[in-house]
Every structure is written in structure tokens, then in C-alpha cells.
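If you want the building blocks of each chain, they are given just below.
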Amino acid sequence: MKFFIDTANLAQIKEAQELGVLDGVTTNPSLMAKEGITGRNNILKHYVDICKIVDGDVSAEVISTDLKGMIKEGEELAELNEQIVVKVPMIKDGIKAIKYFTDKGIRTNCTLVFSCGQALLAAKAGATYVSPFIGRLDDISTDGLNLISEIRHIYDNYDFQTQILAASVRHTMHVIDCAKLGADVMTGPLSAIEGLLKHPLTDSGLAKFLEDYQKGN
Ligand code: G3P
């Protein structure tokens with residue numbers, strides 16, 4: 001299972017990279033705005049800065065909603081660095097754009113996916129990644145994890161190569177549940193990754209080991 005961090009915050013990306021388990025980064029326009037990164041040139045520069053920190057894939061989202069605009073933006077993003085994966089929204093022109101990029105060898109991440117039908121279309125168009133937003137489904141009393149399970153089932157039926165990127169992961173249990181269900185990737189906040197470290201028996205056990213070591217010295 002790949003671990004992506006879902007942020008545009010360079011300090012957090014560095015911290016996750018230093019942990020040694022980071023496989024990539026996902027961003028979106030809201031995450032960029034949260035870091036105060038605005039304007040096309042600043043946003044493009046920020047993607048380049050992120051690519052310098054991590055070794056893996058970096059999803060960069062198009063803003064256009066028409067095919068021509070998405071193609072222009074996506075090609076510009078893909079030119080920035082070979083790590084860039086063009087993030088395209090799940091809309092009609094988005095599917096056309098994903099097919100176009102797939103045929104050109106440009107990798108894509110189909111975002112804002114909330115149903116099996118949408119995930120099926122993304123796979124048919126050849127998306128590299130499909131991003132079901134589990135947290136946002138949970139927010140409206142719909143089981144986000146169930147969607148991961150159903151997409152896994154459908155993709156396995158036909159051996160689709162599109163990777164299931166569980167997005168809108170909010171906490172550590174989401175990470176563990178996504179792993180149980182066979183998501184290929186999860187993207188979430190640093191806190192969800194660091195939560196995997198925690199167990200009180202690890203803390204008390206280590207404290208005892210260190211105490212006993214001191215007694216013998
Ligand atoms: O990767 C998608 C993600 O950024 C959405 O997360 O927490 O805004 O639903 P959230």
C-alpha cells in the first residue's frame with residue numbers, strides 16, 4: 001500500500017518524507033489556497049518545490065472544466081517534472097481528457113469520485129489513479145469505506161490496472177481500514193500516518209526497558 005500525504009504544506013511533506021515511508025503527495029486547489037499559494041506561476045513553482053522534496057508521484061490538479069482547457073493545463077503540468085500526475089475532475093470532459101492523456105502517456109488521477117459508476121468510467125478511460133473521497137461520504141452518513149470495497153471488487157473482476165487511491169482520509173483508522181480492503185494507495189494528513197505509530201504498550205514497554213537498563217549500569 002502506498003502512502004501519499006494530502007497537503008501542500010512543505011514542512012509537513014518534508015516531515016513525512018524524513019519518516020521514510022512516503023510514496024507521494026496529493027494536492028488540490030483548496031490545499032494550495034490554505035498555504036497561501038495563489039496565482040498560476042506561484043502554484044506551478046510550488047509543484048516543482050514539492051517534487052524536489054519527495055521521490056514519488058505528485059498530483060497536480062487542473063482548474064479548467066472544458067476539454068481544451070484541461071488538455072492545455074495538464075500538458076503544462078506534466079512538463080514540470082516526471083513525478084507529476086495530472087489530477088482531473090470526474091466530469092464528462094474530464095473523462096475525455098483522461099483518455100487523451102492516457103493515449104499520450106501522461107499519468108492521471110481522477111478526482112472527486114463518489115460512486116462505483118464513476119470509478120468504472122475512470123478505469124475505462126485509463127486513469128492511473130482513481131480517488132474516491134471516503135471522508136466526505138462519511139460526512140453525509142454514507143459509508144466511504146464501502147465504496148473502496150465495491151471499487152476493489154469491480155476492478156478485480158476485470159483486472160483493471162487503475163490504482164484505487166483512497167482520498168479524503170481523515171484519521172488513522174481510515175488508513176488501517178483502507179489497507180484491510182485492499183486500497184492501493186491512501187492519501188491523508190500527516191497526523192493519520194503518525195497515528196499508526198501509537199500504542200500505550202509500546203510506550204510503557206520502552207520505559208521499562210530503559211529503566212531496567214539503567215539499573216544494570
Ligand atoms: O484528496 C482529497 C482530499 O483533499 C479531500 O479531503 O478532507 O477535504 O475531504 P477532505
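Residues numbered from 1 in each chain as written. Predicted model: local features only at pLDDT ≥ 70, side-chain atom pairs only at ≥ 80, totals over all residues. Heavy atoms only, no water.

## Quick look at the nonpolar core
Rules: We define the nonpolar core as a collection of buried residues of types Ala, Val, Leu, Ile, Met, Phe, Trp, Tyr and Cys that are connected through side-chain atoms lying within 4.5 Å of one another. The classification of residues rests on relative accessible area computed with a 1.4 Å probe and restricted to protein chains. Under 20% of the type maximum is buried, over 50% is exposed, and intermediate values are partly exposed. In DSSP terms, a helix is any run of H or I states spanning at least four residues, a strand is any run of E spanning at least two, and both are numbered starting from the N terminus. Whether two residues are in contact is decided by their heavy atoms, any of which lying within 4.5 Å being enough.
Core analysis: the biggest nonpolar cluster contains 57 residues, and Y47, V54 and L77 have the highest contact counts within it. A total of 6 residues in this core trace back to one element, the largest contributor, which is helix α3 (residues 40-53). Residues within four places of Y47 in sequence aside, it is in contact with T27, M32, S59, A60, E61, L77, L80 and I84. Among the nonpolar cores identified, the runner-up in size contains 7 residues, and F4, V85, L165 and V185 belong to it.

## Some remarks on the site of the ligand
As a reminder of what qualifies: In this text, near means that some heavy atom of the residue lies within 4 Å of the molecule or strand in question. The term polar contact refers here to a pair of N or O atoms within 3.5 Å; inside protein, the definition further demands a hydrogen-donor-capable atom paired with an acceptor-capable atom, and it admits residues adjacent in sequence only when both atoms are side-chain atoms. For every accessible area listed, the method is Shrake-Rupley and the probe measures 1.4 Å; residues are considered covered only by the protein chains on display. Residue type decides the class: Asp, Glu, Lys and Arg count as charged, Ala, Val, Leu, Ile, Met, Phe, Trp, Tyr, Cys and Pro as nonpolar, and the leftover types, Gly among them, as polar.
Contacts to the ligand come from D6, N28, F133, R136, A167, S168, R170 and T187. Between D6 and the ligand, the recorded distance is 2.6 Å, taken from a side-chain N or O atom to an oxygen atom. Between R136 and the ligand, the recorded distance is 2.7 Å, taken from a side-chain N or O atom to an oxygen atom. Considered on its own, the ligand offers 310 Å² of accessible surface; in the complex 83% of this is hidden by protein. Looking at the shell around the ligand residue by residue, the class counts come to 2 nonpolar, 3 polar and 3 charged.

## Section: the environment of I98
Considering the arrangement of structural elements, one finds I98 in helix α5 (residues 92-104). Take I98: its relative accessible area is 0%, and that puts it in the buried class. Sequence-wise, I98 and I134 are 36 residues apart; in three dimensions their C-alpha atoms are separated by 22 Å. For I98, the residues in contact, after removing those within four places along its chain, are V88, T108, C110, A125, G126 and A127.

These results come straight from atomic positions and should not be treated as a statement about function.
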